[in-house]
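# Structural characterization, general
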Amino acid sequence: MSQDRYAILCGLGAVALWSTVATAFKVALAWMSPLELMWLAALVSWLLMSAIVIMQGNVINALRSGWKTAAWAGLMNPVAYYLLLFAAYDRLPGQEAMALNYTWALAMALLAVPILGQRLTRTDIVAGLVAYSGVWVIATRGAVFNVAFEDPLGVAFALGSTLVWALYWLLNAKDQRQPLIGQWQNFSVGLPVLSALLLLGPGIEWHGWPAIGAGVYVGLFEMGVAFILWQVAVQKVSRTAKVSNLIFLSPPISLLLLYLVVGEPLLASTLVGLVLILLGLALQQLSGYGQRHKTQ
C-alpha cells in the first residue's frame, strides 16, 4: 500500500467517526454547558490514550520529550478549538454551525502553502470551492442566497474554531512526535487547564446518564481515535489538499445518520449537496493522479 493511500484510509476513518458526533453534541449541550462537555470529553479521551500508551509500553518515551510542543499544542487542541466549537453549537442551529466549521478544510489547504511550503494547484482550489458549495447547499437547505445567521457571536465562535483547527493540524504536520504520544501529551496539558476553568466557572453538576453518555462518546471517538487517525493522515500524505477535502464527506453522512437514527427528513437539497461534494473530491483526486503521471 502506498503512503498516500494509507494516509487517505486513515483520513476516511477519522471522517467516519466525526460524522457520528453532531447528534452527540446537541444531546449533551441540551443539559451541559460547553465547558462541562469539554472537560468530560477531554477526560475520557485522556484516559483512553493513557491506557493505550501504557499497553504499548511507551510510557518512558511519552514522559521523556515533546513537552515543549505540547505546551502550545495542548492549548490549541483540545482547549481553544473545542471551547470555540462547543460554544458555537450551543448558540447556533446545528446546520449553521456545521457549515461554518467545515470551512477549515479550505483554510487548511490554503495555509499549507506558506506554512509547509506546499504547492496548491488551481484544480485544488476549484475542488475545494465545489465541495464547500455542497456543504453550503446542505446547511442552508437550498436557500443559498437568503441566509441570515441568528447569532453573530455564535458565527464568530464557529469561524474562530476553523482557524484554530486548520493552524493546529498544519503546525503538527512538522511534529516529530509519535501521533498517539503527541495527542496524549497535548491532552495532559489541556486537561488541567480545562479543570481549572471548570472549577472557577460553572463547576461540576450531575445532568443525567444521557448527557454523560453523549460526553463519553464524544471523548472516545471525536477526540480520541479520530484525532490519532487524522494526525497520521496529515503527516503521511504528500499534499495536505488530498486529505483536507475528505472532510467534506462528513456533513452528508451526518445528515443521513440523523435521518436514520433521529428521524430528521432527508431533503432534496441534501442530495444536491452530496453530488457537489463528491464532484469536488473527484476533481481533487484526478488532479493528484495527473500530477503523478507527469512526474513518471
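Up top is the structure these notes are about.
Residues numbered from 1 in each chain as written. Predicted model: local features only at pLDDT ≥ 70, side-chain atom pairs only at ≥ 80, totals over all residues. Heavy atoms only, no water.

A word on the overall build of the protein. Counting its regular elements, the protein contains 14 helices and zero strands. Each helix (α) and strand (β) of the protein, taken in turn from the N terminus, gives the series α-α-α-α-α-α-α-α-α-α-α-α-α-α. In terms of overall dimensions, the protein is globule-like: its C-alpha atoms have a radius of gyration of 19 Å, near the 19 Å expected for 296 residues. Burial statistics for the protein: of 296 residues in total, 52% are counted as buried. Considering only contacts within the protein whose residues lie at least 6 apart along the sequence, 90% involve residues at least 24 apart. Accessible area of the protein: about 13,400 Å², with a carbon and sulfur share of 69%. Distance between charge centroids for the protein: 19 Å, based on 15 positive and 11 negative side chains. (Helix = DSSP H or I, 4+ residues; strand = E, 2+ residues; numbered from the N terminus. Rg over C-alpha atoms; globule rule 2.2 N^0.38 Å. Buried < 20%, exposed > 50% of the residue type's maximum accessible area, 1.4 Å probe, protein only. Contact = heavy atoms within 4.5 Å. Areas by Shrake-Rupley, 256 points an atom, 1.4 Å probe, with all protein chains shown as cover. Lys, Arg positive; Asp, Glu negative; His and termini not counted. Charge placed at Lys NZ, Arg CZ, Asp CG, Glu CD.)

Let us now look at the packing of helix H9 (residues 152-172) against helix H11 (residues 209-236). Direction vectors running N to C along H9 and H11 enclose 60°, while the axes themselves pass 9 Å from each other. Viewed along their axes, H9 and H11 adopt a mutual orientation that is oblique. Crossing geometry of H9 relative to H11 is assigned as right-handed. Residues Trp165, Trp169 and Asn172 of H9 lie in contact with H11, whose contacting residues are Phe227, Trp230, Gln231, Val234 and Gln235. (Axes fitted to C-alpha atoms, helices over the stretch in contact; angles between N-to-C directions. Parallel < 35°, antiparallel > 145°, perpendicular 65-115°, else oblique. Left-handed = near helix turned anticlockwise from the far one by under 90°.)

Attention shifts here to the side chain of serine 19. Within the fold, serine 19 resides in the loop between helix H1 (3-18) and helix H2 (21-29). Filtering out sequence-adjacent residues up to four positions away, serine 19 remains in contact with Ser250, Ile253, Ser254 and Leu257.

All right, on to the pattern of salt bridges then. Under the defined criterion, the tally for this structure stands at one salt bridge. One salt bridge connects arginine 177 with aspartate 175, and the closest N-O pair in it is separated by 2.7 Å. The exposure class assigned to aspartate 175 is buried, which follows from its relative accessible area of 11%. (Salt bridge = Lys/Arg side-chain N within 4 Å of Asp/Glu carboxyl O.)

With that out of the way, let us pick up the environment of valine 59. Following the sequence through the fold, valine 59 ends up in helix H4 (residues 59-64). Residue class for valine 59 comes out partly exposed when judged on its relative accessible area of 34%. Discounting residues that sit within four places of it in the chain, valine 59 has contacts with Val53 and Ile54.

Next up on the list: helix H5 (residues 67-91). Because each turn of an α-helix spans 3.6 residues, side chains separated by three or four positions end up pointing in the same direction. With 25 residues, H5 extends 34 Å from end C-alpha to end C-alpha; this agrees with the ideal 36 Å at 1.5 Å per step. Its maximal kink placed at alanine 73, H5 deviates by approximately 45°. (Expected span 1.5 Å × (residues − 1). Bend = angle between axes of the 7 residues up to and from the residue.)

Locating tryptophan 104 in the fold gives a position in helix H7 (residues 104-116). As for tryptophan 104 and leucine 47, which are separated by 57 residues in sequence, their C-alpha atoms are 28 Å apart. Excluding residues within four positions of it along the chain, tryptophan 104 makes contact with Thr162, Trp165, Ala166, Trp230 and Ile247.

Turning our attention to the nonpolar core. Of all hydrophobic cores here, the largest spans 87 residues; its most connected members are Trp18, Tyr82, Met223, Trp230 and Phe248. Looking at this core element by element, the count peaks at twelve residues for H11. Leave out the neighbours within four places in its chain, and methionine 223 touches Met38, Ala41, Ala42, Ser45, Tyr82, Phe86, Phe187 and Val218. (Core = buried A, V, L, I, M, F, W, Y, C linked by side-chain atoms within 4.5 Å.)

Once that is clear, we can look at helix H6 (residues 94-101). In terms of burial, H6 is a largely internal element, seven of the eight residues being buried. Looking at H6, one finds that the buried residues are Gln95, Glu96, Ala97, Met98, Ala99, Leu100 and Asn101.

Turning our attention to the packing of H2 against H5. Angle between the axes and distance between the axes are the two parameters that describe a pair of packed helices. Where H2 contacts H5, the axes come no closer than 10 Å and their chain directions differ by 70°. One way to sum up the angle between H2 and H5 is to call them roughly perpendicular. Side by side, H2 and H5 meet where Phe25, Lys26 and Leu29 of the first sit next to Leu85, Phe86, Tyr89 and Asp90 of the second. In terms of residue class, the contact of H2 with H5 is made up of five nonpolar, no polar and two charged. (Nonpolar A, V, L, I, M, F, W, Y, C, P; charged D, E, K, R; others polar.)

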